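Letter by letter, the chains look like this.
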Amino acid sequence: MERIRELIQKGSTHADACETIRQSTVFTTHTPVPAGHDVFPHHLMDRYFAGYWEQLGLSREDFLRLGDTPESQGQGFNMTALAIRLAAHVNGVSREHGQVSREMWRHLWPGLPTEQVPIRSVTNGIHAPTWIAPELNQLYGKYLGPAWAERCDDTTMWQRVLDIPDQELWAVRQTMKRKLMSFIRERARSGWMQGQLQASQVLTRGTLLDPEALTIGFARRFATYKRATLLFRDLDRLKRLLHNQWRPVQLIFAGKAHPADEPGRFFIHEVLSFCDDHKLGGHVAFLENYDMHMAKFLVQGVDIWLNTPRFPLEASGTSGQKAALNGVINLSVLDGWWKEGYNGANGWGIEPLIGNSDIQAQDEHDAQQLYRLLEQEAVQLYYQRDLDGIPRGWLQLMKENLRTNAPRFCTKRMVKEYVDNLYAPAMVRTPSIW
Ligand SMILES: *Cc1c(COP(=O)(O)O)cnc(C)c1O
């Protein structure tokens, strides 16, 4: 709006200014979840924008209409609706999210079939040098070439992960896992030393975790649609997984909820009480103060990255890409990036229940698949060892994951797509005064 105002001040008509700004503006929408879209009541718009709409050549009603949606019923100003109306280049952050966004915003193009709604997608990618574990960086340097990170989107280069000897890859992965375990132990120790943790909490914050056991990580915002507690739905079944004497499983959780998200905070409370339940034997840990530093240890150090969003609400689920680059196997609902990343042989996908709006039925259906995949596939494969102690099947899965996911879900590929499909077309129309 400010860019439009500047053009008008320089003598443009409202229509010309709007069209110039639209053609030179890119807008990326990031989530279908309503809480992720700011809507301001009209009395606040009045308070802060009275006197402004004239400068845009608009009446109050025309101005407020820029933020209208069918849900707002003339009461709220939706910032996403505004952005979409004033940007000619709009995208979602995965193929599926593009589709979801076209449906969600089709009302802005009355009469247009959903598939023609001009919202496209560029799937998120991660910055490999930021997220790669140092040990693995070295290994990639040796087998993919020293400049592997600069050629991160080169699919041919990634074929060479097949040349990495299983022994070496497994040893590096084990080192990364041990580093995570010492990170967790040191945090518990310092919490104890500073009097922030009770003795029992020292045990339940991960100090009983075993570096040899199959370790599942779940770390992200505790937004309710991500269903952090799905794995606890059938507690007896979970206990059988965790307590298997020869093939134990352990879980590490981390994350924060938005302070105003009461149900999200309750999820954290629930996970914490499972950690504190001594009958779960210290096999479940919750790490407090989740941040990027901790995220690095987690996406590098666990064996499986779990994501259980309620379909189709996960726009991307980008942390899974960080895990994939580090040889961690994704086990996730086929939503967001994973819907296009999963190929049947590079991790595990949970087919969500579609077309049934009953939330309980969805949760039950998705949880059943989650348990089945863990019991019948993940645990088997992880503990199937050759005489030298190496899980060859697991490593094959890991390499297939690296070969297929690493080149596609990195920023190199992503930025190229933004430039080619969005930024360059918008640049052509950028007025010369900028
Ligand atoms: C990557 C990352 C996220 C986003 O991950 P999602 O899988 O999209 O939830 C959130 N927080 C931190 C600290 C991250 O590193």
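Everything numeric in this text was worked out from a predicted model, so none of it was measured. (Residues numbered from 1 in each chain as written. Predicted model: local features only at pLDDT ≥ 70, side-chain atom pairs only at ≥ 80, totals over all residues. Heavy atoms only, no water.)

Observations regarding the overall build of the protein
Put simply, the rule reads: To qualify as a helix, a DSSP run of H or I must reach at least 4 residues; to qualify as a strand, a run of E must reach at least 2; elements of each kind are numbered from the N terminus. The atom set for the radius of gyration is the C-alpha atoms, and the globule formula is 2.2 Å times the number of residues raised to the power 0.38. Residue burial is assigned from relative accessible area. The probe radius is 1.4 Å, only protein chains are included, and a residue is buried under 20% of its type maximum, exposed over 50%, and partly exposed in between. To be clear on the numbers: accessible area is Shrake-Rupley with a 1.4 Å probe, and residue cover counts the displayed protein chains and nothing else. For the purpose of counting charges, residues Lys and Arg are taken to be positive, whereas Asp and Glu are taken to be negative. His and the chain ends are not included. Working definition for charges: the position is that of NZ of Lys, CZ of Arg, CG of Asp or CD of Glu.
When helices and strands are tallied, the protein shows 19 helices and eleven strands. A compact globule built from 434 residues would reach a C-alpha radius of gyration of about 22 Å, and the protein, at 24 Å, matches this within 12%. Judged by the C-alpha coordinates and their principal axes, the protein covers about 80 × 45 × 45 Å. Looking at the protein as a whole, 52% of its 434 residues qualify as buried. Only carbon and sulfur atoms are counted for the fraction: they give 53% of the accessible area of the protein, which is about 19900 Å². Charged side chains of the protein number 49 positive and 49 negative; the gap between the two group centres comes to 4 Å.

Some details on the nonpolar core
Put simply, the test is: Only buried Ala, Val, Leu, Ile, Met, Phe, Trp, Tyr and Cys residues count toward a nonpolar core, and they belong to the same one when joined by side-chain atoms within 4.5 Å. Note on contacts: a residue pair qualifies if any of its non-hydrogen atoms lie within 4.5 Å across the two residues.
Counting 88 residues, the largest nonpolar core has Y140, W148, W158, L251 and L298 as the members making the most contacts within it. Broken down by element, the residue count for this core peaks at nine residues, all from helix α17 (residues 359–383). With sequence-adjacent residues up to four places away left out, W148 is seen in contact with A128, I132, N137, Y140, G141, M157, W158 and L325. A17, C18, M45 and L86 belong to the second largest nonpolar core, which has 17 residues in total.

As for the pairing of strand β6 (residues 214–219)
Condition: Two strands pair under a simple rule: DSSP has to find at least two bridges between them. Whether a crossover is right-handed comes down to one check: with the strands pointing away from the viewer, does the path from the first strand over the helix to the second run clockwise; if it does, it is right-handed.
Taking burial as the measure, the six residues of β6 include six buried ones, the bulk of the element. Burial of the side chains of β6 extends over both faces: L214, I216 and F218 are buried on one face and T215, G217 and A219 on the other. Pairing of β6 with strand β7 (residues 249–254) involves six bridges; the strand directions are parallel. Bridged to G217 within β7 is I252. Regarding topology, helix α12 (residues 235–243) serves as the crossover connection from β6 to the parallel β7, and that connection is right-handed.

Quick word on the side chain of T215
Going by this rule: Side-chain atoms alone can form a polar contact between residues adjacent in sequence; in general such a contact is a pair of N or O atoms within 3.5 Å, and within protein one must be able to donate a hydrogen while the other accepts it.
Tracing the chain through its elements places T215 in strand β6. Here Q250 takes part through its side chain, which lies 2.9 Å from a polar atom of the side chain of T215. For T215, the contacting residues outside a window of four places in its chain are K177, M181, D210, Q250, I252, V302, D303 and I304.

Considerations on the sheet that holds strand β8 (residues 284–287)
Going by this rule: Angles run from 0 to 180 degrees between N-to-C directions of axes, and those axes are lines fitted to C-alpha atoms, restricted for helices to the stretch in contact.
Read across the sheet, six strands follow the order β8-β7-β6-β9-β10-β11 without closing on themselves; strand pairing throughout is parallel. Single-partner strands in this sheet number two, and they are β8 and β11 (348–350). Ignoring which end each strand starts from, the neighbouring axes of this sheet average 20° apart. Here strand β10 (residues 329–333) runs beside β11; their pairing, made up of three bridges, is parallel. Within β11, the residue paired with S332 across the bridge is G349. Its contacts with the sheet put helix α18 (residues 392–405) on β6, β9 (304–307), β10 and β11, and the angle it makes with β10 is roughly 70°.

Considerations on the packing of aromatic side chains
What counts here: When the centres of two rings from Phe, Tyr and Trp lie within 6.5 Å, Trp using its six-membered ring, the rings pair. Their planes under 30 degrees apart give stacked, over 60 give edge-to-face, and anything left gives tilted. Both a distance and an angle decide whether a charge sits over a ring: NZ of Lys or CZ of Arg must be within 6 Å of the ring centre and within 35 degrees of the ring normal.
Tallying each qualifying case throughout the model produces 21 aromatic pairs. Measuring from ring centre to ring centre gives 4.0 Å for F232 and F274, while their planes differ by 0°; the resulting arrangement is stacked. In this pair, F232 is assigned in the loop between β6 and α12 and F274 in helix α13 (residues 262–276), connecting sequence segments 42 residues apart. Look at F274 and you get buried, because its relative accessible area is 16%. Taken together, the ring pairs connect F218, F222, F232, F253, F274 and F286 into an aromatic cluster. Above the face of the W131 ring, K322 is positioned so that its terminal group lies 4.1 Å from the ring centre.

Focus on the domain arrangement of the protein
To keep things clear, this is the line we draw: Segmentation of the chain into domains, including their bounds, is taken from an automatic or database domain assignment. Buried area: the accessible surface (1.4 Å probe) lost by two parts on joining, summed over both. By convention in these notes, a salt bridge is any Lys or Arg side-chain nitrogen within 4 Å of a carboxyl oxygen on Asp or Glu.
We note that the domain assignment places domain 1 (2–124 + 415–428) and domain 2 (128–409) within the protein. Using only C-alpha atoms to locate each centre, domain 1 and domain 2 end up separated by 36 Å. With 13 residues of domain 1 at the contact, the number on the domain 2 side is 16 residues. Between domain 1 and domain 2 the total buried area reaches about 1000 Å² when both faces are included, carbon and sulfur atoms providing 54% of it. Inspection of the domain 1/domain 2 interface yields three salt bridges. K416 is the salt-bridge partner of D153, the closest N and O atoms lying 2.8 Å from each other. The tally of links from domain 1 across to domain 2 stands at eight residue pairs in polar contact (both at pLDDT 80 or more). The element that contributes the greatest number of residues to the side of domain 1 that touches domain 2 is helix α6 (residues 95–105), accounting for four residues.

Looking at the packing of helix α10 (residues 166–193) against helix α11 (residues 199–207)
What counts here: Oblique is the label for every angle not falling under 35 degrees (roughly parallel), over 145 degrees (roughly antiparallel), or within 65 to 115 degrees (roughly perpendicular). Two helices crossing with the near one rotated counterclockwise from the far one by less than a right angle form a left-handed crossing, whereas a clockwise rotation gives a right-handed crossing. When residues are grouped by polarity, Ala, Val, Leu, Ile, Met, Phe, Trp, Tyr, Cys and Pro land in nonpolar, Asp, Glu, Lys and Arg in charged, and all others, Gly among them, in polar.
Orientation of α10 relative to α11, taken along the N-to-C sense of each, is 165°, at an axis distance of 9 Å. Here α11 runs roughly antiparallel to α10, going by the angle between their axes. Judged by the sense of rotation from one axis to the other, the crossing of α10 with α11 is right-handed. Contacts between α10 and α11 involve I184, R185, A188 and W192 on the former and, on the latter, A199, V202, R205, G206 and T207. Looking at the contact of α10 with α11, its residues break down into five nonpolar, two polar and two charged.

Focus: the side chain of Q369
If you trace the backbone, Q369 turns up in helix α17. When its relative accessible area of 16% is taken as the criterion, Q369 is described as buried. Those residues in contact with Q369 that lie beyond four places of it in its chain are G349, I350 and E351.

As for the environment of Y52
Within the fold, Y52 resides in the loop between α3 (42–49) and α4 (60–65). As for Y52 and E2, which are separated by 50 residues in sequence, their C-alpha atoms are 9.6 Å apart. Sequence-distant contacts of Y52, defined by excluding residues within four places in its chain, comprise M1, E2, R5 and F63.

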